[in-house]
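Structural characterization, general
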Amino acid sequence: MSSNPTSSSPVKSTGLHTGAIKPGVAKKDPILIADHVKRQFGGLVAVDVEHVEIPRNAITALIGPNGAGKTTFFNLLTGFDTPNEGTWSFNGKSLAKVSAFKVARMGLIRTFQLTKALGLLTVMDNMKLGSTSQPGERLGASLFPFVWKKKDREIDDKAMDLLKRFKLDAKKDDFAASLSGGQRKLLEMARALMTDPELVMLDEPMAGVNPALTESLLEHILGLKKAGMTVLFVEHDMHMVRHIADWVIVMAEGRVVAEGDPHEVMKNPAVIDAYLGSHQDTDLGAVTGRITLPKLPKEK
Amino acid sequence: MDFVGILLSSLSFLLDPTTIAYALATLGLALHFGFGGLLNMGMAGFMALGAYGYAIGILYFGLPWYLAAFVGIGAAIVFALILGIPTLRLRGDYLAIVTIAAAEIVRLLLLSSAFGWFTGSADGLSGFNGPGGTVTNPHEGAGGFDQSNPIPDGTYGFVPFLDNERTWYLRIVGLSILAIAIFVVWRLVNSPWGRVIKGIREDEDAVRSLGKNVFAYKMQVLVIGGVIGALGGLMLAFSTNVNSSVYVTSLTFFLWTALLLGGAATVFGPLAGSIIFWVLQAFLGLLFPALAKAGLMPFTTIQASQVKFVIVGFALVLLVVFRPQGLFGSKKELTFVK
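Here's what I pulled together on the structure shown here.

All names here are of chain A. One open sheet holds the four strands; their spatial order is β2-β1-β4-β5, and the pairing between them is antiparallel. The sheet is open, and its two edges are formed by β2 (44–55) and β5 (93–94), each paired on a single side. Of the strand pairs in this sheet, strand β1 (residues 30–41) and strand β4 (residues 85–90) are connected by five bridges, and their pairing is antiparallel. Directly across from A34, in β4, lies its bridge partner W88. Lying on the sheet, helix α1 (residues 70–77) is in contact with β1, β2 and β4; it crosses β1 at an angle near 115°.

Residues and elements named next belong to chain A. Within strand β9 (residues 247–252), six of the six residues are buried, which leaves it mostly tucked inside the rest of the structure. As paired strands, strand β3 (residues 59–63) and β9 are joined by four bridges and run parallel to one another. Residue pairing for β9: I63 is matched across the bridge by V250. Two elements, β9 and strand β10 (residues 255–260), share five bridges in a ladder whose sense is antiparallel. What sits directly across from M251, in β10, is V256. Turn length for the β9-β10 hairpin, with the two strands adjacent in sequence and antiparallel, is two residues, and the turn residue E253 shows positive phi of about 50°.

We now examine the interface of chain A and chain B. In many reports, interface size means the accessible area that the parts give up when they come together. Listed per partner, the contact involves 35 residues of chain A and 29 residues of chain B. Across the chain A to chain B interface the summed buried area is about 2800 Å²; carbon plus sulfur atoms make up 69%. Three residues stand out in chain A for area buried against chain B, namely L120(A), E137(A) and L139(A), and they jointly supply 21% of the buried area on that side. Inspection of the chain A/chain B interface yields three salt bridges. A salt bridge links R195(B) to D152(A), with the nearest nitrogen and oxygen atoms 3.2 Å apart. Inspection of the region where chain A meets chain B yields nine residue pairs in polar contact (both at pLDDT 80 or more). Looking at the side of chain A that touches chain B, the elements with two or more residues in it are α2 (100–105), β6 (108–110), α3 (123–129), α4 (139–142), α5 (145–165) and α6 (181–193) of chain A. Per-element tally for the side of chain A that touches chain B: the top contributor is α2(A), with four residues. Taken together, the residues that form the side of chain A that touches chain B break down as 17 nonpolar, nine polar and nine charged.

What counts as what
All residue numbers refer to positions counted from 1 along the written sequence of the respective chain. In the order they appear in the text, chains get letters beginning with A and ligands get numbers beginning with 1. With pLDDT at 70 or above as the cut-off, local features in this predicted model cover only qualifying residues; side-chain atom pairs require 80 or more to be listed or tallied, and sums for whole chains, interfaces and linings still use all residues. Hydrogens and waters are ignored; side-chain quantities use all the structure's heavy atoms. Paired strands are those between which DSSP finds at least two bridges. A run of H or I in DSSP becomes a helix once it reaches four residues, and a run of E becomes a strand once it reaches two; helices and strands are each numbered from the N terminus. The contact definition used throughout considers only heavy atoms, calling two residues in contact when any of these lie within 4.5 Å. Orientation is described by lines fitted to C-alpha atoms, with helices fitted over the stretch in contact, and by angles between N-to-C directions that extend from 0 to 180 degrees. When accessible area is computed with a 1.4 Å probe and restricted to protein chains, residues below 20% of their type maximum are described as buried, those above 50% as exposed, and intermediate ones as partly exposed. Buried area adds together the accessible area that both of two parts lose upon being put together, with accessible area traced by a 1.4 Å probe. A pairing counts as a salt bridge when a side-chain nitrogen of Lys or Arg comes within 4 Å of a carboxyl oxygen of Asp or Glu. Between N or O atoms, a polar contact is any pair within 3.5 Å; within protein, one atom must be a potential hydrogen donor and the other a potential acceptor, and residues adjacent in sequence are included only when both atoms are from side chains. Ten residue types, Ala, Val, Leu, Ile, Met, Phe, Trp, Tyr, Cys and Pro, are classed as nonpolar, four, Asp, Glu, Lys and Arg, as charged, and the remainder, Gly among them, as polar.

As structure tokens, then:
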């Protein structure tokens, strides 16, 4: 974590935006642009994003209170849900009316808030499913092993490398259902990487993961950026957001209410009111008055 | 009570054309449910279309029997597409409801006297395996399935498989079709294609997020499984007349029982399950009336012949509770709570 003196501080990307910082500010090199994206469920406006741009080859955090529309926005961007109106484009190509699987093939891969490991497939099969270039996945070709055997071995090697990186290589022949919750998160992320994505969208990658594993997940996310990918993630752990995000977008009630550098955004009174609360760095016990904290040494 | 006789006639079901037909349909169901996760409750409809398509192809379109078989297969493909296009985008349980209803629609249309001139209504269709002796057949005497039999007349084999040339020909044709179908399914489910459909069974959104066209894969599964089911129907039509009273919902449930008995997510389970199920059915169906006749059961012989269904139902409950993976399935598959 950020307080850990041994972990090297990540190199932050700066100067991502052009012009004054405000919600919907233009980026120098946006990978994803959304305009007037609106999604209503009956009378409830879940998402109403006027304009937002995601900077390329940077780590962007999407934060906001529960029910702010973060996951719905994810679903809209990745084709898992269709907005009532709006346009959005990835690498300059419009994604309106493009189905989810085609969006994924274009290089925009997402993970899910509730992890979707394919339980009764082995860890290795989970990984191999991520490959996009296996000809044997076509019905006709699947009947002739000589068409796909060689490619399958290549995919196997690639999957093994990734599994080693995510420390799941010992589990490769186990059913994914036998993995713990945290390991499933790792598997889902590793599987997403099998597709060689350009933009990885992670929905709460750290939820329910113990601190040691969080640290290794952080390293993996930073590794993605180093490898030239763009990351957009939803997260509630503000320490983590501050530590690795280059840019933060804050949503509340379906709208983008603030944007900017993580440290600046978290000082924004609107963000503190809508999301963080004014006691974000105080122990919860002290906030509720159940325990009295000893005075911190530095205050003496 | 002739116990040896009962045993021998039950054992003849090991290689009975009907058992082969049901094994084919169960294999189709295994691809649908065990591998693809599609809850198809209308397999009887696919079988009916295979059988009727074949019979109508011969009787009304005057096709040779081997081309008429493709009419049956084609009908099953069209049925799968009609079922799949509206329902495969919905959650799995909707497919179950729609398939059970669609199979009943098929059966009732075949039964309806409105199309009696075409489907034979309650009498069904007959005479299509012979040389083509029906009045409506313009190609009279062209030669049907029976005329293609190269085996000379006579009785072959040994008890309990002492049968005439026609039954042996049916067995050979049926087992060949079954062997090819099993090989194709085995090849498919052990390929990258099979990996994708098993992934869809587990969680289709996850597979979609990896860039696979889930709808197309589910449609392929529905069509291929449906065609294998239609082959089962064809097999029944090769061996006897077609009648809509065979393709009832309870047939679908028998197929499901055989599937769960053998193991849903296995290739050879459907075969083993079908054999065990229909041999046992035949055995109990003969044993109980014989016991009643001998005064060992407090029923009339007609009542006793129905007791087997009670036993089958009870066995299915026990099976699902205590061995849900079936005889051939891996226990590991069910160790985990989803």
